[in-house]
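Structural characterization, general
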Amino acid sequence: MIALLGPPPPAFIARGALKSKFFSEQNEFQAGIAIPPRVSLEQRETNLVDEDKELFLRLMGKMLQWNPKDRQTPQQLLNDEWLKRHVGG
């Protein structure tokens, strides 16, 4: 997730019960594994094109948020245009 979204906000880290196991006092990741180079979801998604890709990336952006309060609810996601086109509804 860090490679995709960047480092989590300090307030997010502070809430973690095991934060000292995974993050330093300076909020640097320290779990003993390397973080892959940061690559955007847009760069990673290579199967979709044009409007379909744009709508998919918008859907992912609604879900992939560090702060749970910033994520859309499942009910809200059911109204997403990309889901409607590909799952029906």
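For clarity, every value in this text was computed on a predicted model and none was experimentally measured.

Comments concerning the overall build of the chain
If you tally the helices and strands in the chain, you get 7 helices and 0 strands. In sequence order, the chain lays out its α and β elements as α-α-α-α-α-α-α. A compact globule built from 89 residues would reach a C-alpha radius of gyration of about 12 Å, whereas the chain, at 16 Å, exceeds it by more than 25%. Dimensions along the principal axes, computed over C-alpha positions, put the chain at roughly 45 × 30 × 15 Å. Split into buried and exposed, the 89 residues of the chain put 21% on the buried side. Carbon and sulfur atoms make up 55% of the accessible area of the chain, which totals about 6700 Å².

Some details on unusual backbone geometry
For Asn27, which is not a glycine, the phi torsion comes out positive at approximately 65°. Positionally, Asn27 belongs in the loop between α3 (19-22) and α4 (41-44). Since its relative accessible area comes to 29%, Asn27 is described here as partly exposed. Phi angles above zero are rare outside glycine, and Asp50 is one such case at about 55°. You can see Asp50 is positioned in helix α5 (residues 50-63).

Details of the nonpolar core
Ranked by size, the top nonpolar core spans 8 residues in total: Leu48, Leu55, Phe56, Leu57, Leu59, Met60, Leu77 and Trp82. Of the residues forming this core, the biggest block, 5 residues, is contributed by α5. Excluding residues within four positions of it along the chain, Leu77 makes contact with Leu59, Lys62, Met63, Gln72 and Leu83.

Conventions adopted
Each chain carries its own residue numbering, running from 1 in the written order of its sequence. Reporting of local features is limited, given that this is a predicted model, to residues whose pLDDT is at least 70; pairs of side-chain atoms are given and counted only at 80 or more, and all residues count toward the totals for whole chains, interfaces and linings. Based on all heavy atoms of the structure, the side-chain values leave hydrogens and waters out of the count. For the purposes of this entry, the term helix denotes a DSSP run of H or I that reaches at least four residues, the term strand denotes a run of E that reaches at least two, and both are numbered from the N terminus. Every radius of gyration here is taken over C-alpha atoms, with the globule rule written as 2.2 Å times N^0.38, N being the number of residues. Throughout, exposure labels follow a simple rule: accessible area from a 1.4 Å probe, protein chains only, divided by the maximum for the residue type, with under 20% read as buried, over 50% as exposed, and the rest as partly exposed. For accessible areas, the Shrake-Rupley method is used with a probe of radius 1.4 Å. Any residue's cover is judged against the shown protein chains and nothing else. Among the buried residues, those of types Ala, Val, Leu, Ile, Met, Phe, Trp, Tyr and Cys that are joined through side-chain atoms within 4.5 Å form a nonpolar core. Contacts between residues were defined by any pair of non-hydrogen atoms, one from each residue, lying within 4.5 Å.

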